[in-house]
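Here are the chains, one letter per residue:
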Amino acid sequence: MDDPGHRWLNQHRSGQRLPQAVGGEGVHVIDEAGRRYLDGSSGPALFCLGHGHREVIEAIKAQYDRLAFGYSADFTSAPIDALAEALVEQAGGGMSRVSFVSGGSEATETAIKIALQYHLARGHSGRTHFFARRQSWHGYTMGALSLSGHPARRRPYVGALMPVTHLSPANAYRPPDGVAPDDLVDHLAAEFEREIHRVGAERIAAFFFEPVVGAAGGAVPAPDGYARRMRELCTRYGILMVADEVMCGVGRCGTWRALAHDGVAPDVMVTAKGLAGGYAPLGAALMTETVYRTIADTFGTIASVHTYSGHTAACAAGLAVQNVIRRDGLVAKCRDDGAYLMTALNQTFGQNPHVGDIRGRGFFVAVELVRDRESKTPFDAGLGLYKRVKDEAFARGLLCYPSPGTVDGMSGDHVILAPPYIISRAEIDRMVEVLGQAVDAAVASALKDAS
Ligand SMILES: Cc1ncc(COP(=O)(O)O)c(C=O)c1O
């Protein structure tokens, strides 16, 4: 008879049944056999406070004991009110109103609708087209997938996606052909402006981008000055700037709002993962007072709500997580220990002929693997190097986040490390050491199979 576990679709890796996770303690996940895994990527940059955090768990339990959900069409609640206050305060940058949802994709969809409603309220009903970038990820719902510059994930659905103009990624390691690093920002700004004129500014609603690109690029911070130039162009042409901080935000990059590092404020931002740190499904779209008032004065409110929007226990989880982050100074810790992590990565991988780039910010970093360092040639995609690294690390008790498609959506491999904010320096050392072993073993096996 079939193992009933087979009914759950995601349960295999390398032809083997996934182990069951049964416990978590700090930066470790524990499986059914009692094996401990160091969570070097917080799952997908999610578990910012690690696992089994007692304070957060007690706060959630206490909320469940009182009321699971005061349905948000009828009631507000103390956790939702307090969390909205906390987010606006932490975000700064003129963010003033919050729409709660259950995750990153829903937050992106909400931002799409906010942009459309904003322009409609201003009498610009023709502004329905969106700009985003190649090598980006905004989520798997149809609107978010349309924005996403991720060919492999788009492929099965591409005929049904909405048309989006995808600009070049802002990646200093892999600038467009013939563009010198010092000219990159000018080049990208010129491309943006050229595309605005080609499409027609009067048709464009918003520009979506990740201030530090996540899984689609491998922790890629934009070059200095990029966000500011894009901001200027958005403002000049009446296009809303939407910062997708689902992965890079909530302090992971060393500022609570990732784009604050660039001294730039968006019109709308979306956040999720670190918001409730994996203790509940929670996301949010934040917007400026101008955006909100424009919509509210015409339509009364944002026309986008889901059954679970503002779920009370999820907001209690988010509030508890944010309170701990603030009280324990964890954003500053990401910044300081992020520098320590970067030094450790440079020591371990700096001379490795198959590591082309080491990059990132705070506790959101990556190594990009290449076959040839000089020419930046990636490994053949068919070798599945990213998967080999994942398996080698897993076998050594390390969870990391390798992905393929780093160069152009099809070829290239990178490995993201995004540890829980609470990780100690000794654990950082261990994480980097084990990743070094895993990369060496994976590269050796890929080279063997390639020869
Ligand atoms: C930058 C970014 N935006 C949006 C999403 C979608 O979030 P979710 O998977 O919670 O729907 C993700 C998920 O990885 C992401 O990394």
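Everything discussed here concerns the structure shown above.
What counts and how
- Residues numbered from 1 in each chain as written.
- Predicted model: local features only at pLDDT ≥ 70, side-chain atom pairs only at ≥ 80, totals over all residues.
- Axes fitted to C-alpha atoms, helices over the stretch in contact; angles between N-to-C directions.
- Helix = DSSP H or I, 4+ residues; strand = E, 2+ residues; numbered from the N terminus.
- Parallel < 35°, antiparallel > 145°, perpendicular 65-115°, else oblique.
- Left-handed = near helix turned anticlockwise from the far one by under 90°.
- Contact = placed C-beta atoms within 7 Å.
- Nonpolar A, V, L, I, M, F, W, Y, C, P; charged D, E, K, R; others polar.
- Near = placed C-beta within 6 Å.
- Expected span 1.5 Å × (residues − 1).
- Buried ≥ 20, exposed ≤ 12 C-beta atoms within 10 Å, placed from the backbone.
- Pairing = 2+ DSSP bridges.

### Observations concerning the packing of helix H11 (residues 330–349) against helix H13 (residues 425–450)
Packing of H11 against H13 leaves a shortest axis separation of 10 Å and a crossing angle of 30°. Here H13 runs roughly parallel to H11, going by the angle between their axes. Once H11 is placed against H13, the crossing between them reads as right-handed. Contact residues: H11 offers Asp337, Tyr340, Leu341, Ala344, Leu345, Thr348 and Phe349, while H13 offers Arg425, Ile428, Asp429, Val432 and Gly436. Here the residues of the contact of H11 with H13 are counted per class, giving seven nonpolar, two polar and three charged.

### Observations concerning the site of the ligand
Surrounding the ligand, one finds 15 residues, the nearest of these being Gly103, Gly104, Ser105, Gly139 and Val246. Considering every element that reaches the shell around the ligand, the biggest residue donor is helix H4 (residues 104–121), with three residues. For the shell around the ligand, the class distribution of residues is six nonpolar, seven polar and two charged.

### Notes on H13
If you check H13, its first and last C-alpha atoms are 37 Å apart, about what 26 residues at 1.5 Å a residue would give, namely 38 Å. Looking at H13, one finds that the buried residues are Ile428, Met431, Val432, Leu435, Ala438, Val439, Ala442, Val443 and Ala446. Buried residues along H13 sit against strand E5 (36–39), H11, helix H12 (385–395), strand E17 (398–399) and strand E19 (413–417).

### A word on the sheet that holds strand E16 (residues 364–369)
Pairing within the open sheet is antiparallel, and its four strands lie in the order E15-E16-E19-E18. Pairing within the sheet leaves two strands with one partner each, and these edge strands are strand E15 (355–361) and strand E18 (401–404). Ignoring strand direction, the axes of neighbouring strands in this sheet form an average angle of 20°. In this structure, E16 lies alongside E19, joined through five bridges in antiparallel fashion. For Glu368, the partnering residue across the bridge sits in E19 and is His414.

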